[in-house]
Amino acid sequence: MDNFVNSLPSKNNIKATYESYKPVFAEIVTNVENKLRKTLHLSSNPTYKSRVKSFNSYYRKVLRLKGEEAERNNFVELTDMMGIRVICAFLEDLSEVEHQIKNNFVVKEVEYKGAQQSFREFGYESVHVLVSIPKDCMPKKTELPLPETLVCEIQIRTILQDAWAEVEHELIYKSEFTPFDMPLRRKLASMNASLTLADIIFQEIRDYQKKLQGEVEARRASFYEKADELTLSSNGKKIENLEPKNINRVSPYVHGTIDDMILEAIQSHNHGDLDKAVEIYSIIINSEPTPPAPVLAVIHKHRGMAYFSQNNYTASLEDFQKSVIYDPNAFRSYYYIGIVLSIMNKHEEAVAAYSESIRINEYQSHAHFRRAVSYYKLGDFDNALKDVTDAQSLGLNDTETESLHAKLMEKFEMKM
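## Thoughts on helix α4 (residues 91-104)
Phase 1: Over its 14 residues, α4 extends 21 Å from the first C-alpha to the last, a length consistent with the 20 Å expected when each residue adds 1.5 Å.
Phase 2: Those residues of α4 not exposed but buried are Asp93, Leu94, Val97, Glu98, Gln100 and Ile101.

What follows is the structure, encoded as structure tokens:
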């Protein structure tokens, strides 16, 4: 018995040694986290958690895995003494974070926790990446010898995976009694499955939004292209002879909801099938029960753009005007009203519409420029110059802006 007791490693000695290393580890983990913050670039900002392993956790693991080594050496290196958690919003971010870590660090090992579990199991899912400590993350001054194989563990999880891991840690890992009762185990498995399903649904919504945003941006580009053609570079073309734009974009969609119908309508618009787009928008507007005001504001704006592409400027203007009734802060709809009024040569009304759009959002370079054009057409060169200068200060420096600025400067030179 005495021999067994004497063979156990000295806890006090191990603790003293480990505690002396903790400030060094804290500096390293802070430096690695800062490097991650600078190098990881995602569409949604991740959050970070970092820690240096507590002595009690360290000691338990040392005894369990490396007891014999601890007898000979008061400092035993573990791979998870330093840990950083990168918590992402969406499942798609996990592989992107892993990819960017591999591009910016020397990766020693990657482990996919929970990847092999069945749906009946309730362990957490997480990607664990072990990275060597970069030279620029090492402490500037330390007298302690640091192992050449020292690593930092980076865990990559979604918000829901992290929430589950925290709860599971309290219920199972830290508890003396894990749930053996089958109904309790089923409840835990059900909760884990629900969170996993929620992550999948969030990702599906994210994918849908990206798909829809791509179609909206393409449709908006077509709208602006035609507006430019009519108001800036028409060169005598008759409005009624202009053909609708056809962008030829294709992306899959699923029927069933208003969101699906909007996506189908925008795709139809981008394909040049404007009648179908108008028809779908009209079905949504006239549906029962009546859609809420924010939805109607968006749909009237979209249908107005479809009418615009059909050269039906009266219907287009009516839809944009209805859009701002349902959403008085819809600065883009006011901007579109100004564009249509400019095409109709109603420049005083156009100036009022652009002004309202700019009042809501003053950082619109194109709105300042188009108001400058209307001011120019009205002979108000002072306000036109102010607006075109504001547009340039906001970053709009294309040939049309420079041309208008030059014309205005000529006007002022002629007065002198």
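## Some words on empty space enclosed by the protein
Phase 1: Considering all chains together, one arrives at one cavity of 30 Å³ or more under this definition.
Phase 2: When its volume is computed, the largest cavity comes out at roughly 50 Å³.
Phase 3: Lining the largest cavity are Thr231, Leu232, Ser342, Tyr354, Phe369, Arg370, Val373 and Ser374.
Phase 4: The residue makeup of the lining of the largest cavity, split by class, is four nonpolar, three polar and one charged.

## Description of the sheet that holds strand β1 (residues 47-52)
Phase 1: Across the sheet, five strands lie side by side as β1-β2-β5-β4-β3; this open sheet has mixed pairing. What marks the edges here is a single partner per strand, and that holds for β1 and β3 (107-113). In this sheet, adjacent strand axes meet at a mean angle of 20° when their direction is disregarded.
Phase 2: As paired strands, β3 and strand β4 (residues 126-132) are joined by six bridges and run antiparallel to one another. From the neighbouring strand, Val107 faces β4, where its bridge partner is Val131.
Phase 3: Sitting on the sheet, helix α2 (residues 11-39) is in contact with β1, β2 (82-88) and β5 (151-158), with an inclination near 165° to β1.
Phase 4: Where α4 meets the sheet, its contacts fall on β2, β3, β4 and β5, and the angle it forms with β5 comes to roughly 160°.

## Quick notes on a nonpolar patch on the surface
Phase 1: A surface patch of nonpolar side chains, about 420 Å² in accessible area, is lined by Leu197, Ile200, Ile201, Phe202 and Ile205.
Phase 2: Within the element layout of this structure, Ile205 appears in helix α6 (residues 182-231).

## With respect to the pattern of salt bridges
Opposite charge on two side chains permits them to pair, given that their charged atoms come into close proximity.
Phase 1: Considering all chains together, one arrives at 17 salt bridges under this definition.
Phase 2: Where Arg359 meets Glu356, a salt bridge forms, and the shortest distance between an N and an O atom there is 2.6 Å. In this pair, Arg359 and Glu356 are both assigned in helix α12 (residues 347-360), three residues apart and thus about one turn of the helix distant.
Phase 3: Residue Glu356 is classed as partly exposed on the basis of its relative accessible area of 23%.
Phase 4: Taking the shortest distance from any N to any O, the salt bridge between Lys386 and Asp390 comes out at 3.1 Å. With Lys386 and Asp390 both in helix α14 (residues 381-393) and four residues apart, the pair spans about one turn of that helix.
Phase 5: Given the relative accessible area of 51%, Lys386 is considered exposed.

## So, the packing of aromatic side chains
Phase 1: This structure, assessed with the given rule, holds 16 aromatic pairs.
Phase 2: With a centroid separation of 6.2 Å and an interplanar angle of 45°, the aromatic rings of Tyr18 and Phe55 are classed as tilted. Here Tyr18 is found in helix α2, whereas its partner Phe55 is found in helix α3 (residues 55-72), with 37 residues between them in sequence. No difference in accessibility class separates Tyr18 from Phe55, as the two residues are buried.
Phase 3: Pairwise contacts between aromatic rings join Tyr18, Tyr21, Phe25, Phe55, Tyr58, Tyr59 and Phe75 into one cluster.
Phase 4: If you follow Lys35 out to its NZ or CZ, it ends over the ring of Phe105, 5.8 Å from the centre.

Reading the values: the criteria
- Residues numbered from 1 in each chain as written.
- Predicted model: local features only at pLDDT ≥ 70, side-chain atom pairs only at ≥ 80, totals over all residues.
- Heavy atoms only, no water.
- Helix = DSSP H or I, 4+ residues; strand = E, 2+ residues; numbered from the N terminus.
- Expected span 1.5 Å × (residues − 1).
- Buried < 20%, exposed > 50% of the residue type's maximum accessible area, 1.4 Å probe, protein only.
- 1 Å grid on protein atoms, 1.4 Å probe; cavity = no way out; pocket = protein on both sides within 12 Å on 5 of 7 lines; lining within 4 Å.
- Points joined across faces, edges and corners; volume = space filled by probe spheres on them.
- Nonpolar A, V, L, I, M, F, W, Y, C, P; charged D, E, K, R; others polar.
- Pairing = 2+ DSSP bridges.
- Axes fitted to C-alpha atoms, helices over the stretch in contact; angles between N-to-C directions.
- Contact = heavy atoms within 4.5 Å.
- Patch = residues over 30% accessible without salt bridge, like charges linked within 9 Å, V, L, I, M, F, W, Y side chains within 5 Å.
- Areas by Shrake-Rupley, 256 points an atom, 1.4 Å probe, with all protein chains shown as cover.
- Salt bridge = Lys/Arg side-chain N within 4 Å of Asp/Glu carboxyl O.
- Phe/Tyr/Trp six-rings, centres within 6.5 Å; stacked < 30°, edge-to-face > 60°.
- Lys NZ or Arg CZ within 6 Å of the ring centre and 35° of its normal.

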